[in-house]
Each structure stands twice: as C-alpha cells, then as structure tokens.
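Observations on the model geometry
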Amino acid sequence: MKTASFLLPKDKVAYIHSSSSMKEALEQLEQHYYTALPIVDPEGKYAGTLSEGDLLWTLKDTPGLDFTNMDQIQVCDIEKNTRNESVSIHAHMEDMLALAADQNFVPVVDDNFIFLGIIRRKDIIEYYMRNITD
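First things first, this report covers the structure right here in the doc. None of these values were measured; they are calculated from a predicted model.

This brings us to the overall build of the protein. For the protein, the helix and strand inventory stands at 4 helices and 7 strands. The linear arrangement of helices and strands in the protein, starting from the amino end, is β-β-α-β-β-α-β-α-β-β-α. By principal-axis analysis of the C-alpha atoms, the protein measures approximately 55 × 30 × 20 Å. Here the contacts in the protein between residues at least 6 apart in sequence split such that 54% fall between residues at least 24 apart. About 7800 Å² of surface is accessible on the protein, with carbon and sulfur atoms providing 52% of the total.

Following this line, the structure appears as structure tokens:
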C-alpha cells in the first residue's frame, strides 16, 4: 500500500514555519495538544521537527530568556534534538514501519522535498493490526 493512502494533508496538520518565533511554536503546541510539530522552511520544504523538549532546553540554556521575551527567538535558531525522518509520497507502508517505531509521525514530502503532510504512527499501527488479524 502506498503512503498517499494514509496521508494527513498539510492543510489538516499543525506545523510551524522556520521563521516563526519560539512563542508562536509554544502556542501552536498548546493549542493542538501536540508534543512536536513539523517545521517548514520558506520554500515549503520539510526542515525538521520541533519538540516541547527543544523549547524547554532552549529556555533553560539561554540566559535571560523567559516567557516574556520568547518572541525574540526564531524556530530556525533553536537546537533540535528530535529528527523525524521524512518519506517520499511514493514510499510504501513497509518503508515507514521502522520510522514509526521511533517517531509519533512521519513527515511526507514530494520529489522536491516539499512538505505534503504527515502519516501518524497510530494510522500505521492500525494498518498493520488490520492486516495481521485479517
């Protein structure tokens, strides 16, 4: 089965632009109850994943940084400790199984690495559960 069958498209996914502020990222995470967000660069390409931990470590390790001035730090300047590998829209579900073991979601890109959306670990597990038990 192809990746496209399970794609949660970009317009239905919370993500953050690399030029957004740390404060905006925190607000997105809070609003959607997520622990991590895909990052998209100015060209629309997948640029990595920002996690709650990345924000916490940046807050802890940056002298003078607090909740009142987090809007001065851009997402692109935050050290990322989580690296969610992306897959091509042409990939097969089997290609994502190993990634899903370590990632809550798998970012999906086109041939030019443009971010198209995600496949949730939940959807991958459900797919395999259906095929194992059928």
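Here we take up the side chain of T58. If you trace the backbone, T58 turns up in helix α2 (residues 52-61). A distance of 2.8 Å separates a polar side-chain atom of T58 from the backbone oxygen of D54. Apart from residues lying up to four places away in sequence, T58 is in contact with M22, L65, I78 and E79.

Below, the discussion takes up the pairing of strand β4 (residues 46-51). For β4, a buried count of 5 out of 6 residues is recorded, marking the element as mostly surrounded by other parts of the structure. Sheet topology places strand β3 (residues 36-40) next to β4; 5 bridges connect them, and they run antiparallel. Considered in β4, the bridge of A36 is made with S51. Linking β3 to β4, which pair antiparallel, is a turn of 5 residues; within it G44 sits at a positive phi near 90°.

Turning our eyes to something else, we now look at the layout of surface pockets. Taken as a whole, the largest pocket encloses approximately 230 Å³ of empty space. Among the secondary structure elements, those contributing two or more residues to the lining of the largest pocket are β3, β7 (115-120) and α4 (121-133). Class assignment for the residues of the lining of the largest pocket results in 9 nonpolar, 2 polar and 4 charged.

Here the focus is the nonpolar core. Grouped together as the largest cluster of nonpolar side chains are 15 residues, with contacts concentrated most on I16, M22, L50, L55, L65, V75 and I78. Residue assignment for this core shows that the elements contributing at least two residues are α1 (22-32), β3 and α2. With 3 residues, the single largest contributor to this core is α1. In this view, I16 contacts E24, A25, Q28, L37, P38, I39, V40 and V75; residues no more than four positions away in its chain are not counted. With 14 residues, the next largest nonpolar core counts V87, M93, A100 and I124 among its residues.

Right, let's talk about the packing of α1 against α2 for a bit. Across the interface, α1 lies against α2 with an axial gap of 11 Å and an inter-helix angle of 140°. With respect to α2, the element α1 is oriented oblique. Judged by the twist between their axes, the crossing of α1 over α2 is left-handed. Along the contact surface, α1 presents M22, A25, L26 and L29, while α2 presents E52, L55, T58 and L59. Here the contact of α1 with α2 is composed, by residue class, of 6 nonpolar, 1 polar and 1 charged.

A grouping of E24, E27, E30 and D71 is seen on the molecular surface, where their side chains present a negatively charged patch. By the element assignment, D71 lies in the loop between α2 and β5 (87-88). We classify D71 as partly exposed; its relative accessible area is 46%.

Analysis parameters
- Residues numbered from 1 in each chain as written.
- Predicted model: local features only at pLDDT ≥ 70, side-chain atom pairs only at ≥ 80, totals over all residues.
- Heavy atoms only, no water.
- Helix = DSSP H or I, 4+ residues; strand = E, 2+ residues; numbered from the N terminus.
- Contact = heavy atoms within 4.5 Å.
- Areas by Shrake-Rupley, 256 points an atom, 1.4 Å probe, with all protein chains shown as cover.
- Polar contact = N/O pair within 3.5 Å; in protein donor to acceptor, adjacent residues only side chain to side chain.
- Buried < 20%, exposed > 50% of the residue type's maximum accessible area, 1.4 Å probe, protein only.
- Pairing = 2+ DSSP bridges.
- 1 Å grid on protein atoms, 1.4 Å probe; cavity = no way out; pocket = protein on both sides within 12 Å on 5 of 7 lines; lining within 4 Å.
- Points joined across faces, edges and corners; volume = space filled by probe spheres on them.
- Nonpolar A, V, L, I, M, F, W, Y, C, P; charged D, E, K, R; others polar.
- Core = buried A, V, L, I, M, F, W, Y, C linked by side-chain atoms within 4.5 Å.
- Axes fitted to C-alpha atoms, helices over the stretch in contact; angles between N-to-C directions.
- Parallel < 35°, antiparallel > 145°, perpendicular 65-115°, else oblique.
- Left-handed = near helix turned anticlockwise from the far one by under 90°.
- Patch = residues over 30% accessible without salt bridge, like charges linked within 9 Å, V, L, I, M, F, W, Y side chains within 5 Å.
- Salt bridge = Lys/Arg side-chain N within 4 Å of Asp/Glu carboxyl O.
- Lys, Arg positive; Asp, Glu negative; His and termini not counted.
- Charge placed at Lys NZ, Arg CZ, Asp CG, Glu CD.

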